[in-house]
Amino acid sequence: AQSVTQPDIHITVSEGASLELRCNYSYGATPYLFWYVQSPGQGLQLLLKYFSGDTLVQGIKGFEAEFKRSQSSFNLRKPSVHWSDAAEYFCAVGGVQGAQKLVFGQGTRLTINP
Amino acid sequence: NAGVTQTPKFQVLKTGQSMTLQCAQDMNHEYMSWYRQDPGMGLRLIHYSVGAGITDQGEVPNGYNVSRSTTEDFPLRLLSAAPSQTSVYFCASGTPGSSYNEQFFGPGTRLTVL
C-alpha cells in the first residue's frame, strides 16, 4: 500500500537558518512526488514536483527537494528561511494512473523564530 | 480563470442533517477529487472522478456521496452528518499526463457537525 511518512510533526528554526523537512514514501511503482505548503486558513499550494530525470528539483519560493530512490526519500530544503515560510508542509505521492489519488503525509508544521 | 472554487467556506450542521459541498473548476480538468483534512492526519482521499459520469471511492468514502454530471462540477453530499465528519474539506482538480500530473486545490470548506 502507498504511504508517506513525515517524521517531524513540528520544527522550529531561526530566520535565516537552513531548513530540511523529511519525507519517506512507500510506493510500488514509479512515484510522482509532491510538496505542498498550506498557510493558516488557506488551501494548498504546490511547491514542487518530481516525476523523472534530475533528482534535484527546484520549486517556488527558493525551495528544492532531492529524490533518493535508494532511501525512498524526497526531502525538502531551503538554504535560508524567511518569517513568511511559517506554514504547514505536506509531502504527497501519486502514480502515473493515480494522479487524482494522492496519498499525503501527516504534515510538518514549521515555526520561524525571529 | 477562477481555478477551483468551493462553497460554502464555513458550515455548521446538526447531527443527522444532510448537505452538499459544492466544487467547480474552470480549467477543463478531467480529474477531480475530494479530500478531508484532520489534525495530525494530513489529507485523506474521500472520492475521486476521472471524468464526467465516472466516480470511485477513495480511502474514507463512508457517509459521503458524489456524482459528476459535468466536467466542471463535482459536488460532495453528506447524507446524514455525524460529528466524526467535522473536518476541513478540499476539492482538487488535475489533468493526467507526465508533465501535468499535479492537482490544484480549492480554498476548502470548514465543516462542523454538532
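Located above this text is the structure these notes cover.
Residues numbered from 1 in each chain as written. Chains lettered and ligands numbered in written order. Predicted model: local features only at pLDDT ≥ 70, side-chain atom pairs only at ≥ 80, totals over all residues. Heavy atoms only, no water.

1. Focus: the overall build of chain A
Put simply, the rule is: Counting from the N terminus, the helices are the DSSP runs of H or I reaching at least four residues and the strands are the DSSP runs of E reaching at least two. It is over C-alpha atoms that the radius of gyration is taken, and the globule rule equals 2.2 Å times the number of residues to the power 0.38. Type-normalised accessible area, obtained with a 1.4 Å probe on protein chains alone, sets the label of each residue: buried when under 20%, exposed when over 50%, and partly exposed for intermediate values. Any two residues having at least one pair of non-hydrogen atoms within 4.5 Å are treated as being in contact. Exposure was quantified through the Shrake-Rupley algorithm and a 1.4 Å probe, taking into account, for residues, occlusion by the shown protein chains and nothing else. When charges are counted, neither His nor the chain ends are considered; positive counts come from Lys and Arg and negative counts from Asp and Glu. Charged side chains are reduced to one point each, which is NZ for Lys, CZ for Arg, CG for Asp and CD for Glu.
Helix and strand content of chain A: zero helices and twelve strands. Listed by position from the N terminus, the elements making up chain A come as β-β-β-β-β-β-β-β-β-β-β-β. For chain A, whose C-alpha radius of gyration is 13 Å, the value lies close to the compact-globule estimate of 13 Å for 114 residues. In terms of its C-alpha atoms, chain A occupies a principal-axis envelope of roughly 40 × 30 × 20 Å. Put simply, chain A has 114 residues, and 47% of those count as buried. Residue pairs in contact within chain A that sit at least 24 positions apart in sequence constitute 54% of those at least 6 positions apart. When the accessible surface of chain A is split by element, carbon and sulfur atoms take 48% of a total near 5,300 Å². The averaged location of the 8 negative side-chain charges in chain A is 7 Å from the averaged location of its 9 positive side-chain charges.

2. Observations concerning the environment of Glu-102 of chain B
For Glu-102 of chain B, the position within the fold is in the loop between β9 (87-94) and β10 (103-105). Residue classification places Glu-102 of chain B among the buried residues on the basis of a relative accessible area of 11%. The spacing of Glu-102 of chain B and Ala-92 of chain B is ten residues in sequence and 9.6 Å in space, taken between C-alpha atoms. Apart from residues lying up to four places away in sequence, Glu-102 of chain B is in contact with Phe-34, Leu-46 and Lys-49 of chain A together with Ser-93, Gly-94 and Thr-95 of chain B.

3. A short note on the interface of chain B and chain A
Our working definition: Once two parts are put together, the accessible area they lose, assessed with a 1.4 Å probe and summed over both, is termed the buried area. When a carboxyl oxygen of Asp or Glu lies within 4 Å of a side-chain nitrogen of Lys or Arg, that pair is called a salt bridge. In protein, a polar contact means a hydrogen-donor-capable atom and an acceptor-capable atom, both N or O and within 3.5 Å, with residues adjacent in sequence counting only if both atoms are side-chain atoms; elsewhere, any N or O pair within 3.5 Å suffices.
Contact with chain B, which involves 20 residues of that partner, is made by 20 residues of chain A. Regarding the contact of chain B and chain A, the summed buried area is about 1,700 Å², with carbon and sulfur atoms giving 53% of it. At the surface where chain B touches chain A, the tally comes to zero salt bridges. Taken together, the connections running from chain B to chain A amount to four residue pairs in polar contact (both at pLDDT 80 or more).

4. Remarks on the environment of Val-4 of chain A
Residues and elements named next belong to chain A. You can see Val-4 is positioned in strand β1 (residues 3-5). For the pair Val-4 and Gly-107, spaced 103 residues apart in sequence, the C-alpha separation works out to 9.8 Å. Residues in contact with Val-4, not counting those within four places in the same chain, are Cys-23, Asn-24, Tyr-25, Cys-91, Ala-92, Val-93, Val-103, Phe-104, Gly-105 and Gln-106.

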